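# Overview (structure and organization)
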Amino acid sequence: MTEELKSQGRFLASLIGLLWLLEIVDQFVFRGYLDVLGIVPRNVIGLRGIVFAPLLHGDLAHLMANTVPLGVLGWLVLVRGRETFWKVTGAIALISGLGTWLIGPSNSIHIGASGLVFGYLSYVLFRGWFERSASGILLSIFIFSLYGSLIFGVLPLRSGVSWQMHLFGFIGGAIAARYVNRPRP
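Remember, it's a predicted structure, so these values are computed and weren't measured experimentally.

For helix α4 (residues 82-103), spanning 22 residues, the distance from its first C-alpha to its last is 31 Å, which sits close to the expected 32 Å at 1.5 Å a residue. Within α4, the full set of buried residues consists of T84, F85, V88, T89, I92, A93, S96, G97, G99, T100 and W101. Buried residues along α4 sit in contact with α1 (3-28), α2 (49-52), α3 (60-78), α5 (114-131) and α7 (163-180).

Taken from the UniProt record, the annotation "transmembrane region" (unreviewed entry) applies to residues 12-34, 60-78, 85-103, 109-130, 137-157 and 163-180. Secondary structure content for residues 12-34 is 74% helix and 0% strand, while the C-alpha to C-alpha distance between its ends is 23 Å. Split by type, residues 60-78 is 100% helix and 0% strand. Its first and last C-alpha atoms lie 25 Å apart.

In this section: the pattern of salt bridges. Enumeration over the complete set of coordinates arrives at 3 salt bridges. Its salt-bridge partner being R10, residue E3 comes within 3.3 Å of it at the nearest N-O pair. By relative accessible area, R10 is classed as partly exposed at 48%. Where K87 meets E83, a salt bridge forms, and the shortest distance between an N and an O atom there is 3.1 Å. Here the residue K87 and the residue E83 both occupy positions in helix α4, the gap between them amounting to 4 residues, near one helical turn. Looking at E83, the relative accessible area reads 55%, which means it is exposed.

A few words now on the nonpolar core. L70, L73, Y120 and I143 are the most contacted members of the largest nonpolar core, which totals 29 residues. Only α1, α3, α4, α5, α6 (134-147) and α7 provide two or more residues apiece to this core. The element contributing the most residues to this core is α5, with 8 residues. Once residues lying within four places of it in the same chain are set aside, the contact partners of L70 are L12, I16, L19, W75, A113, L116, V117 and Y120.

Calculation criteria
Residues numbered from 1 in each chain as written. Predicted model: local features only at pLDDT ≥ 70, side-chain atom pairs only at ≥ 80, totals over all residues. Heavy atoms only, no water. Helix = DSSP H or I, 4+ residues; strand = E, 2+ residues; numbered from the N terminus. Expected span 1.5 Å × (residues − 1). Buried < 20%, exposed > 50% of the residue type's maximum accessible area, 1.4 Å probe, protein only. Contact = heavy atoms within 4.5 Å. UniProt positions renumbered as here; feature names shortened; annotations may be inferred. Salt bridge = Lys/Arg side-chain N within 4 Å of Asp/Glu carboxyl O. Core = buried A, V, L, I, M, F, W, Y, C linked by side-chain atoms within 4.5 Å.

Listed below in structure tokens is the structure:
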């Protein structure tokens, strides 16, 4: 394994470890109170959730459900470098957060990294198309075969699940794929 891959692995593991640490502290010290820092639609104070929502989860099971896809898809974004990773992550968080803030149900709080998961999925799926590279398109097809069923998460099929974050995360990933990557000559 190259040193770069090891460095990327440590970096991503540290970020995911931070999510776990925050959730453990939130659950056992604050008794879930930090969740109020999530996105509260159409409430000015709820805009802070754009920054905090991806870091917070309803419980450990919620975080567990996001951990593996966040690690796999996040690494596929990170493989392009940390600068690209942060640009993509920022675009997804902003678009996912603002979209959720605009159309989410009133008197609700939206938390979780699933907006990032859907954004990373979309970014990887569309990256090959916008780059016009055969390897990127093959990767997109492979990832779609593994995670394509996640796309149904953008539909309002289950109560208590923020399909708004999923939908706008997916849109944010597509936008990031379009503007962060340039077609190869």
